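What follows is each chain in one-letter form.
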Amino acid sequence: MNSTRDSLQKVLPRKHSLAVLAGGLLLASSTLAETVSVQFSQSYPGGGTVTGLIVGEDLDGDGRLYAVAPGVAGFLGIEPASGEVTYASVRIEGLLGEPVTNIFDASVADLEDDSNFFWGFAYNLDGGPIGDETDEGVAFAPLAPSTSYFAGPLFSGAVDPEPLNTPLVPCGQPEVAPCSGITTLEPVDPFPNFNLLYSATSSDPIVTTELLRYTFEQDGFDDGASITGTISGQDLDGDGMLYAVGNAWIEMGGLEAGDEIAYASVTIRGVTPEAIVNTVDLVTGDVTDIANYFFGAAVSVEGSEMGDEPGEGLSIAPFSPSTSYLVGDKFSFGFSPVIVEQGISNCGNEAGEPCGMLVSLTPNSESPTGVDLQAVQYSEQPAPKAAAPFIVNGDFSGHWFNKTPEGEGLTIQVLDTGAVIVYWLTYDASGDQRWLFGIGRREGASVIIDDLQVTANGVFATPTETSVELNTVGELTIDFADCDNATVDYVVDGEPGTLEIGRLTGLKSLECVR
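Residues numbered from 1 in each chain as written. Predicted model: local features only at pLDDT ≥ 70, side-chain atom pairs only at ≥ 80, totals over all residues. Heavy atoms only, no water.

(A) Structural context of the overall build of the chain. Of the regular secondary structure elements, the chain holds 4 helices and 30 strands. Burial status across the chain gives 51% buried among its 514 residues. Considering only intrachain contacts with a sequence separation of at least 6, the fraction spanning at least 24 residues in the chain is 55%. Carbon and sulfur atoms make up 51% of the accessible area of the chain, which totals about 22600 Å². (Helix = DSSP H or I, 4+ residues; strand = E, 2+ residues; numbered from the N terminus. Buried < 20%, exposed > 50% of the residue type's maximum accessible area, 1.4 Å probe, protein only. Contact = heavy atoms within 4.5 Å. Areas by Shrake-Rupley, 256 points an atom, 1.4 Å probe, with all protein chains shown as cover.)

Right, here's the structure in full:
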């Protein structure tokens, strides 16, 4: 079984695992602060679940992520701070009928903003659960009316003695006492009074997982090709490597399969007129599946380059006809001298030998190797890698089409403020053009538009000022299954519906781990 895949699927609802799985990694250079993605989950009595994500950097080197809004800090008598947490989300399911998602996105509103008055995050980077120590906790607490999630003792004073009427203790205490609570509040006059509509607590442990995600690139190939790629997973055994290999390397080299990779992708440009994209998804598949036969990864979690140490390497090699990418010396033996004469070494080797290779093959059943070599390119250039936490960003911008009927689609623009503009180019009941649009917000792997609007009384190419009327006709939610596919749920003119959309154009396409 694949431990990386299994643990993630236990923690996360499949539909919403995109943003969480690929949410981040440890740093690519020991001289810089770590970019960390902390994922967590907790069970509630009766079958409810809470899943969440915190992305940030330990900027002051004190071994913790600490970011607390001035409002709640003053209320509790603790130190406010901002900057170390850049993105956080929590999703509550199975407790309140419809799921509830709360998002903190520093690019939209930082902790100095009054809307984040009760938000706070404190997590010790010790690999343990959130809230298992007295100085830890999280407060996902939008201003009422809202549903909030508090965990750990640090922020317990914000909900004790009201509205939970019980203190939160460190998670994992021997006695059965709650370490987290959920409240739904409705404000009443005079402020800050409220009505408590719902509350629940849990003494179950909070399961925490850190995943690593890198982007990498390499150019300088003989005929001008270049590559960009990503890889993400878990260092389950703590040996400082992300490791998993397919059956080719098990059979030829006697290597162990491993299960530390979640997803890998490489985009190859300059070999064919169109970019070649090779992907390996080990969340929905297993490394020993036949499709992953030639995949191999042994990637150090330290350093700023791929394959720059002996024993490191990456092979993203689909079945032919295909162009495969290899970097580092780890998997060179599978291609040289069997298919190509010259293999590759680790990047930066003293002999100046190439460390990157692109191999284009076509099948040939009469060949001893089963393939014919069409082309090979080498690069001696380094393959730098960098931290890349994943959330919905500008790479989702572009044109998307309705997969069922032709002739309609959406234009999505993710702005530098974090807001998302969506235009739906569609038709009315008479078949005439009708454009709907709205400004939405990001929530993990989704874009939410509460007010979908149309215009009226506009004038074509008017040279004078015109009063254009805006009318709200519904709402819309886009749930991204990956970077090239999404589901649109909408209500327009009182009628609900669903669209399956695919990417038509975009700035570029990244991997999305489902």
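(B) Expanded view of the pairing of strand β14 (residues 241-245). Burial of β14 is extensive: 5 of the 5 residues sit out of reach of the surface. The side-chain alternation of β14 yields two buried faces, one formed by M241, Y243 and V245 and the other by L242 and A244. Examined bridge by bridge, β14 and strand β17 (residues 296-300) share 5 bridges and lie antiparallel to one another. Along β17, the bridge assignment pairs L242 with V299. (Pairing = 2+ DSSP bridges.)

(C) Structural detail: the environment of P142. Mapped onto the fold, P142 is located in the loop between β7 (137-140) and β8 (146-151). C-alpha of P142 to C-alpha of F118: the two residues are 24 residues apart in sequence and 6.8 Å apart in space. Beyond its immediate chain neighbours, meaning those up to four positions away, P142 contacts N102, W119, T147 and S148.

(D) Layout of the sheet that holds strand β6 (residues 120-124). Taken together, the 6 strands give an open sheet; going across it, the order is β3-β6-β7-β8-β9-β10, and neighbouring strands pair in antiparallel fashion. Both edges of this open sheet fall to β3 (64-68) and β10 (194-202), since each of them pairs with a single strand only. In this sheet, neighbouring strand axes are inclined to one another by 15° on average, regardless of whether the strands run parallel or antiparallel. Looking at chain direction, β8 and strand β9 (residues 180-187) are connected through 6 bridges and run antiparallel. When the bridges of β9 are listed, S146 appears paired with L185. (Axes fitted to C-alpha atoms, helices over the stretch in contact; angles between N-to-C directions.)

(E) Quick peek at the nonpolar core. Counting 44 residues, the largest nonpolar core has F40, I54, F121, F140 and Y149 as the members making the most contacts within it. With sequence-adjacent residues up to four places away left out, F140 is seen in contact with F40, L53, A88, S89, V90, N102, W119, F121, T147, S148 and Y149. One finds F216, I261, I268 and I276 within the second-largest nonpolar core, a separate group that totals 30 residues. (Core = buried A, V, L, I, M, F, W, Y, C linked by side-chain atoms within 4.5 Å.)

(F) Inspection of the state of the cysteines at higher detail. In the structure shown here, the tally under the stated rule is 2 disulfides. The disulfide that involves C171 links it to C179, with 2.2 Å between the sulfurs. Since a negative S-S torsion denotes a left-handed disulfide, the C171-C179 link at about 90° is right-handed. Looking at C171, the relative accessible area reads 7%, which means it is buried. C347 shares a disulfide with C355; S-S distance 2.2 Å. Its S-S torsion of about 85° marks the bond between C347 and C355 as right-handed, since a negative value means left-handed. In terms of burial, C347 and C355 fall into one category: buried. Disulfide connectivity for the chain, with bonded cysteines indexed by sequence position, reads 1-2, 3-4. (Disulfide = S-S within 2.5 Å.)

(G) Region of the structure containing the confidence of the model for the chain. On average, residues of the chain carry a pLDDT of 84, and 86% of them reach 70 or more. Low confidence marks residues 4-34, where pLDDT is under 50. Its contacts with residues over four positions away, or in another chain, come to 110 contacts. (pLDDT = per-residue confidence, 0-100.)

(H) Quick peek at unusual backbone geometry. With an omega dihedral of 5°, the bond running from A144 to P145 counts as a cis peptide bond. Along the chain, P145 turns up in the loop between β7 and β8. Of note, the phi angle at N165 is positive, near 60°, even though the residue is not glycine. Residue position: N165 is located in the loop between β8 and β9. The backbone of D493 shows a phi angle near 55°, a positive value even though the residue is not glycine. Looking at the secondary structure, you find D493 in the loop between β29 (485-492) and β30 (495-503).

(I) Structural view of the environment of L499. Note that L499 resides in strand β30. L499 sits in the buried class, given a relative accessible area of 8%. When the C-alpha positions of L499 and A486 are compared, they lie 8.4 Å apart, and in sequence the two are 13 residues distant. Ignoring any residue separated from it by four or fewer positions in sequence, one finds L499 in contact with N402, E408, L410, W424, A486, T487, V488 and Y490.

(J) Seen up close, the sheet that holds strand β21 (residues 371-379). Here 6 strands make up an open sheet; going across it, the order is β14-β17-β18-β19-β20-β21 and the pairing antiparallel. Of all the strands in the sheet, the pair left with one neighbour each is β14 and β21. Geometrically, the sheet is characterised by an average inter-axis angle of 15° between neighbouring strands, direction not taken into account. Of the strand pairs in this sheet, strand β18 (residues 313-316) and strand β19 (residues 322-327) are connected by 3 bridges, and their pairing is antiparallel.

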